[in-house]
Amino acid sequence: MTGRSRRPATDGLLQLVGKSYDAYRCTDFYGFRTDRRSRHSYEEGITAALCTVLRLEKLDQDSKKKSQSANEINGYLESVQVNLYPIEGWDSPYTPIEIVVRVKFKRNTAPVSESKIIMLPIREQPEADVLCSYPLLLVRAKSVVWKTASLWVKKAFDCHIVELQVKPNTLVSIVEWWSSRLFETPPGESDAVTGRGHVFNKFELEFQVPNTTGISTFTLSMSISDLMSLYGVAKASKTTLIEVIRAHIYSTMKVKLAAFILVRIGTPVVYLDINKSKLKLFTNTSKALIVRVLEDLCEAIIQERIQNSA
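Everything numeric here is computed off the predicted structure, so don't read it as measured data.

So, how was this worked out
Residues numbered from 1 in each chain as written. Predicted model: local features only at pLDDT ≥ 70, side-chain atom pairs only at ≥ 80, totals over all residues. Heavy atoms only, no water. Core = buried A, V, L, I, M, F, W, Y, C linked by side-chain atoms within 4.5 Å. Buried < 20%, exposed > 50% of the residue type's maximum accessible area, 1.4 Å probe, protein only. Helix = DSSP H or I, 4+ residues; strand = E, 2+ residues; numbered from the N terminus. Expected span 1.5 Å × (residues − 1). Contact = heavy atoms within 4.5 Å. Axes fitted to C-alpha atoms, helices over the stretch in contact; angles between N-to-C directions. Parallel < 35°, antiparallel > 145°, perpendicular 65-115°, else oblique. Left-handed = near helix turned anticlockwise from the far one by under 90°. Nonpolar A, V, L, I, M, F, W, Y, C, P; charged D, E, K, R; others polar. Pairing = 2+ DSSP bridges. Salt bridge = Lys/Arg side-chain N within 4 Å of Asp/Glu carboxyl O. Phe/Tyr/Trp six-rings, centres within 6.5 Å; stacked < 30°, edge-to-face > 60°. Lys NZ or Arg CZ within 6 Å of the ring centre and 35° of its normal.

Engineer: Quick rundown of the nonpolar core? Include the residues and the values.
Structural biologist: Judged by nonpolar contacts, the single largest core of 60 residues is most densely connected at Leu16, Leu138, Leu205, Leu272 and Leu294. At 10 residues, the largest contribution of residues to this core is made by helix H7 (residues 287–309). The next biggest cluster of nonpolar side chains, apart from the first, holds 35 residues, and it includes Tyr94, Val103, Cys132 and Trp152.

Okay, here's the thing in structure tokens:
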């Protein structure tokens, strides 16, 4: 039985945007499958790990009764779900996956704590059928839940999971292709992801110089209209937007950004901080642009892994 599956019609982008995530990178999974029987077995495995490590009691789904003494446990595990998480336009033979954990901790005033882990697959999968690649994980979870669930994933599928670190050139590439779309017609209602989340209507870059006692951080923020003017200069001079920005900053402030490393970008599509491994996708933007950002990150993770192993 293979892990390749049919995708339901709902679009995961609607739930993905407007929220901040901790981003992680992951090596290939061994023996991972997405059929319902396999996903159910993963739910049982994660449930057992959470109950054992965190001293939780799984609620009886029929009666919702609690069998153990409240003094013996830290809370109640309401559910663990491993779901298909289809994203419209996602180009991969595998479907994205969502792990949802709902826990009521005794010391938490909230009724139920919900933790989510989104697993995103790459377009080009390993040739060996026993392997599959979900290089990018987006996590919104209580730290103890994530630590326990990720440990189970690492043991179950013989993989490694670490915080997302990509090269600054990946951020530069995202900025360059996104800025080239500034003069296009805004997406129609059917092509945009809309919601109640924060709309980011400016452009930000943060540069850093490591191991220095002088100015170590430089943050640039500008309106989209000013950015469009700079992009026009870049296009007319047949150079990159980043080079034009560096020249502009030096001419106005005498700061040489060539000595700095780009570590954070903020656009109306994505906020990405590679120092903190934080990512946020914004609402009221093109579905295609959001998908491209995520696919670019998946590809960057794979390419960096290949380069490091060469």
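Engineer: So what about helix H4 (residues 168–179)? Which residues, and what values?
Structural biologist: Here H4 spans 17 Å end to end across 12 residues, near enough to the 16 Å set by a 1.5 Å rise per residue. Looking at H4, one finds that the buried residues are Thr170, Leu171, Ile174, Val175, Trp177, Trp178 and Ser179. Tucked inside the fold, the buried residues of H4 contact strand S11 (202–208), helix H5 (224–237), helix H6 (241–253), strand S13 (261–266), strand S14 (270–273) and H7.

Engineer: Now, about the packing of H4 against H7: what can you tell me, with residues and values included?
Structural biologist: For the pair H4 and H7, the least separation of the axes is 11 Å and the interaxial angle reads 155°. Relative to H7, H4 is oriented roughly antiparallel. Here H4 and H7 pass one another in a crossing that is right-handed. Contacts between H4 and H7 involve Thr170, Ile174, Trp177 and Trp178 on the former and, on the latter, Leu289, Arg292, Val293, Asp296, Leu297 and Ala300. Along the lines of polarity and charge, the residues of the contact of H4 with H7 split into 7 nonpolar, 1 polar and 2 charged.

Engineer: Explain the environment of Leu138 residue by residue, including any values.
Structural biologist: Of note, Leu138 is situated in strand S8 (residues 136–140). Assessed through its relative accessible area of 0%, Leu138 is described here as buried. Once the C-alpha coordinates of Leu138 and Lys280 are considered, the two residues, 142 residues apart in sequence, prove to be 9.7 Å apart. Leaving out residues up to four positions away in the same chain, Leu138 has contacts with Leu16, Tyr21, Asp22, Ala23, Lys116, Ile117, Ile118, Leu120, Leu279 and Leu294.

Engineer: Which residues make up the pairing of S13, and what are the values?
Structural biologist: Summarising burial for S13: 5 of the 6 residues are buried, a large majority. Of the strand pairs in this sheet, S13 and S14 are connected by 3 bridges, and their pairing is antiparallel. Counterpart to Arg264 in the pairing with S14 is Asp273. The antiparallel pairing of S13 with S14 creates a hairpin that spans 3 residues between the two strands.

Engineer: Before we move on, could you go through the pattern of salt bridges and cite the residues and values that matter?
Structural biologist: Scanning the entire structure with this criterion turns up 17 salt bridges. With its nearest N and O atoms 2.9 Å apart, the salt bridge here joins Glu243 to Arg246. On the criterion of helical spacing, the pair formed by Glu243 and Arg246 is a turn pair, its members being 3 residues apart in helix H6. In this structure Glu243 comes out as partly exposed when scored by relative accessible area, which is 37%. When the shortest N-O distance is used, the salt bridge between Arg292 and Asp296 registers 3.7 Å. One end of the pair, Arg292, and the other, Asp296, are both in helix H7, 4 residues apart, so they sit about a helical turn from each other.

Engineer: Tell me about the environment of Gly75, and name the residues and values.
Structural biologist: Counting through the fold element by element, Gly75 comes out in strand S4 (residues 75–84). Given the relative accessible area of 0%, Gly75 is considered buried. In the structure, Gly75 is positioned 32 residues away from Arg107 in sequence and 8.1 Å away in space, judged by C-alpha atoms. Excluding residues within four positions of it along the chain, Gly75 makes contact with Arg55, Leu56, Glu57, Lys104, Phe105 and Lys106.

Engineer: Could you give an account of the packing of aromatic side chains, naming the residues involved and the relevant values?
Structural biologist: Per the counting criterion, the structure on display carries 13 aromatic pairs. Consider the rings of Phe32 and Tyr134, whose centres lie 5.4 Å apart with planes at 70°: the pair is edge-to-face. On the criterion of sequence distance, the pair formed by Phe32 in the loop between strand S2 (29–30) and helix H2 (36–53) and Tyr134 in the loop between strand S7 (131–132) and S8 is long-range, its members being 102 residues apart. Pair check on accessibility: Phe32 and Tyr134 agree, each one buried. Aromatic side chains Tyr42 and Phe157 sit 5.1 Å apart centroid to centroid with 85° between the ring planes, which places their arrangement in the edge-to-face category. Taken together, the positions of Tyr42 in helix H2 and Phe157 in helix H3 (residues 143–157) put the pair 115 residues apart, joining distant regions of the chain. Chaining the aromatic ring pairs together yields one cluster made of Phe29, Phe32, Tyr42, Tyr94, Tyr134, Trp152 and Phe157. Here Arg140 stacks its cationic end above the ring of Tyr21, 6.0 Å away from the centre of that ring. We note Lys254 situated over the ring of Tyr250; from NZ or CZ to the ring centre the distance is 5.2 Å.

Engineer: Pulling in residues and values, what's your account of the side chain of Glu43?
Structural biologist: Among the secondary structure elements, Glu43 is positioned in helix H2. Beyond its immediate stretch of four places on either side in the chain, Glu43 contacts Arg36, Val80, Gln81 and Val82.

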